[in-house]
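Here is what each chain is made of, one letter per residue.
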Amino acid sequence: EPLAAADQAVRIKALRKQWNELGTPAHAADRSLGDQFNALAETAFETCRVFYAEQAQQREDNRIAREAICEQLDAYLASTDFSSTDIKGAEKILRTARSEWQRFHPVERKLGKALEQRFEALQDTLYGHIKAAWDKNLAAKTAIVEAARNLLDDAVPAAQRVNTAKDLQQQWQHVGPTPRRPDQQLWQQFRGICDEIFTARDEEKQQADQAVEQHRAAATALLDAFEAQLGADLEGATLRSFEADFEALPALPDRLARSLQQRYDALRTRAEAGLQDQASKRRIQKLLDTLQQDAIEGTGDRPEAALEQLQRLTIEAEIAAGIDSPATERDLRMTIQVELMNAGKGQQALSAEPGELVDAWLGAGTKTTEHAALQQRFSEAIATLSAST
């Protein structure tokens, strides 16, 4: 009933000690027992011998595995350009090699010591390359943090601060790996600076939005006030003042400026039309007043106006205004129309400028009561013609 190999060896060793303490065999019977004991001990030790052989083989296998790890590390170091290699991959190799090395244990002490020294030297060399990359990357990130901190200078425009901060964030992402603790310390500094920059950007945007809203409200109020004036008698000075006030308004974003500009243009067009209408009415009234004045004060040393001339002027005015002449003058009207058309002016001859007709009327001579009916018809035609031009 063998014990476990290690316990079996201890037990056999203890039994041999007890046997030896019984003294040297003196008789043949004692020697016979000694031979029997030795044979049994050898048989019992066979389990231990197999175990020790397996242990020796395991140590040798571990030695071979560890030597292979050293060879692989040596080849990796010799073939790798650490100025351009993937440092994270190198870190993984460093950790994996250590883990594998510890897995292949134990090793025969004398041979294992030399291997241990070689392995640690290779690990130190690999770590040196990794640390050099870490130091370079830490320096790069430190420079990024300093560049970000310089953006806090008030002399740097806000838009430039934000754009540069975004560029620095992109640069940060492309920097290689660094040790966790110093990397976190630098990141906290960098993030704090960027947060300050972006918070200031947001505050400025909020202030700008408020200013835009105030400017939009001012522009709307100006347009509302001017629109309210369109129903009254508008003056040219009022329009010019409105134009100047609108042009003096602060610039607005295109999305707001377009609609306000469209409304401004529409109001300005309405105002100009209103002013033209007022001017037309004043012109009509002036012409009518002139005709009335001519009828009232049409006395003096001027010759009496020829009836035929006034009749022709009246019909021309009625033709231009699109007003029917009396039926008794239908033939005369047709004759005048034909004459006007044949004068080389074509269809355009049937229209006339009211001012020219009035000037011709005034220059025709003194009017009498005989001309009153023509005077009335001519005035009505001029009023209609003036309103349509």
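On a predicted model such as this, the values are computed, not experimentally measured, just so you know.

Right, let's talk about the overall build of the chain for a bit. The secondary structure content of the chain amounts to twelve helices and zero strands. Reading the chain from its N terminus to its C terminus gives the helix and strand order α-α-α-α-α-α-α-α-α-α-α-α. The principal-axis extent of the C-alpha atoms belonging to the chain is close to 195 × 45 × 40 Å. Per-residue burial for the chain yields a buried fraction of 31% across its 389 residues. The contacts in the chain between residues at least 6 apart in sequence include a share of 75% that link residues at least 24 apart. Of the roughly 24800 Å² of accessible surface on the chain, a fraction of 52% belongs to carbon and sulfur atoms. Taking the average place of the 47 positive charges on the side chains of the chain and the average place of its 62 negative ones, the gap between the two points comes to 13 Å.

Another aspect to go through is the pattern of salt bridges. Throughout the structure, instances matching the rule amount to 27 salt bridges. Between Arg66 and Glu116 there is a salt bridge whose closest N-O contact spans 3.6 Å. Placement of the pair is Arg66 in helix H2 (residues 28-79) and Glu116 in helix H4 (residues 109-150), with a sequence separation of 50 residues. With relative accessibility at 7%, the residue Arg66 sits in the buried group.

What follows concerns the nonpolar core. Counting 20 residues, the largest nonpolar core has Ile69, Leu73, Phe119, Leu126 and Ile130 as its most contacted members. Listing elements by their share of this core, those giving two or more residues are H2, helix H3 (87-103) and H4. Here the element with the most residues in this core is H4; it accounts for seven residues. Ile69 has contacts with Ala97, Glu100, Trp101, Phe104 and Phe119, leaving out every residue within four places of it along the chain.

Below, the discussion takes up the packing of H3 against H4. As a packed pair, H3 and H4 sit with axes 10 Å apart at the nearest point and diverge in direction by 160°. In terms of orientation, H3 and H4 fall into the roughly antiparallel class. Both H3 and H4 take part in a crossing whose hand is left-handed. The residues of H4 that touch H3, namely those facing Ile87, Ala90, Glu91, Ile93, Leu94, Ala97, Arg98 and Trp101, are Leu115, Glu116, Phe119, Glu120, Gln123, Leu126, Tyr127, Ile130, Ala133 and Trp134.

With that settled, the discussion passes to the packing of aromatic side chains. According to the stated counting rule, one finds 14 aromatic pairs in the structure shown. Geometrically, the ring pair formed by Phe51 and Tyr52 is tilted, given 5.6 Å between the ring centres and 55° between the ring planes. Measuring from ring centre to ring centre gives 5.5 Å for Trp172 and Trp187, while their planes differ by 50°; the resulting arrangement is tilted. Separated by 15 residues along the polypeptide, Trp172 in helix H5 (residues 158-174) and Trp187 in helix H6 (residues 180-229) bring together distant segments of the chain. Accessibility expressed as a relative area gives 31% for Trp187, which makes it partly exposed. Here a set of aromatic residues connected by ring pairs shows up, and it is made of Phe226, Phe242, Phe246 and Tyr264.

Quick look at H3 now. With 17 residues, H3 extends 24 Å between its outermost C-alpha atoms, agreeing within 8% with the 24 Å of an ideal straight helix rising 1.5 Å per residue. When we look at burial in H3, the residues that qualify are Ile87, Ala90, Glu91, Leu94, Ala97 and Trp101. For H3, the arc enclosing every buried residue in end-on projection is 125°, short of the 170-degree limit, so these residues lie on one face. In H3, the exposed positions angled more than 90 degrees off the buried face are occupied by Lys88, Lys92, Arg95 and Arg103. Here the buried face of H3 lies against H2 and H4. One side-chain oxygen of the residue at the start of H3 lies 3.1 Å from the amide nitrogen of Lys88, identifying that residue as Asp86.

This paragraph deals with the packing of helix H9 (residues 307-321) against helix H12 (residues 372-388). The interhelical angle for the contact between H9 and H12, taken along N-to-C directions, is 30°, at an axis separation of 8 Å. Considered as vectors, H9 and H12 are oriented roughly parallel to each other. Handedness of the H9/H12 crossing: left-handed. On H12, the residues that touch Leu307, Leu310, Gln311, Leu313, Thr314, Ile315, Ala317, Glu318, Ala320 and Ala321 of H9 are Leu374, Arg377, Phe378, Ala381, Ile382, Thr384 and Leu385. In terms of residue class, the contact of H9 with H12 is built from twelve nonpolar, three polar and two charged.

Looking along the chain, the bond that leaves His105 and enters Pro106 is cis, with omega of 5°. Note on placement: Pro106 falls in the loop between H3 and H4.

Turning to its location among the elements, Ala143 is positioned in helix H4. Here the alpha-carbon distance between Ala143 and Arg118, two residues 25 residues apart in the chain, equals 38 Å.

Rules used throughout
- Residues numbered from 1 in each chain as written.
- Predicted model: local features only at pLDDT ≥ 70, side-chain atom pairs only at ≥ 80, totals over all residues.
- Heavy atoms only, no water.
- Helix = DSSP H or I, 4+ residues; strand = E, 2+ residues; numbered from the N terminus.
- Buried < 20%, exposed > 50% of the residue type's maximum accessible area, 1.4 Å probe, protein only.
- Contact = heavy atoms within 4.5 Å.
- Areas by Shrake-Rupley, 256 points an atom, 1.4 Å probe, with all protein chains shown as cover.
- Lys, Arg positive; Asp, Glu negative; His and termini not counted.
- Charge placed at Lys NZ, Arg CZ, Asp CG, Glu CD.
- Salt bridge = Lys/Arg side-chain N within 4 Å of Asp/Glu carboxyl O.
- Core = buried A, V, L, I, M, F, W, Y, C linked by side-chain atoms within 4.5 Å.
- Axes fitted to C-alpha atoms, helices over the stretch in contact; angles between N-to-C directions.
- Parallel < 35°, antiparallel > 145°, perpendicular 65-115°, else oblique.
- Left-handed = near helix turned anticlockwise from the far one by under 90°.
- Phe/Tyr/Trp six-rings, centres within 6.5 Å; stacked < 30°, edge-to-face > 60°.
- Expected span 1.5 Å × (residues − 1).
- Arc of directions from axis to C-beta.
- Polar contact = N/O pair within 3.5 Å; in protein donor to acceptor, adjacent residues only side chain to side chain.
- Nonpolar A, V, L, I, M, F, W, Y, C, P; charged D, E, K, R; others polar.

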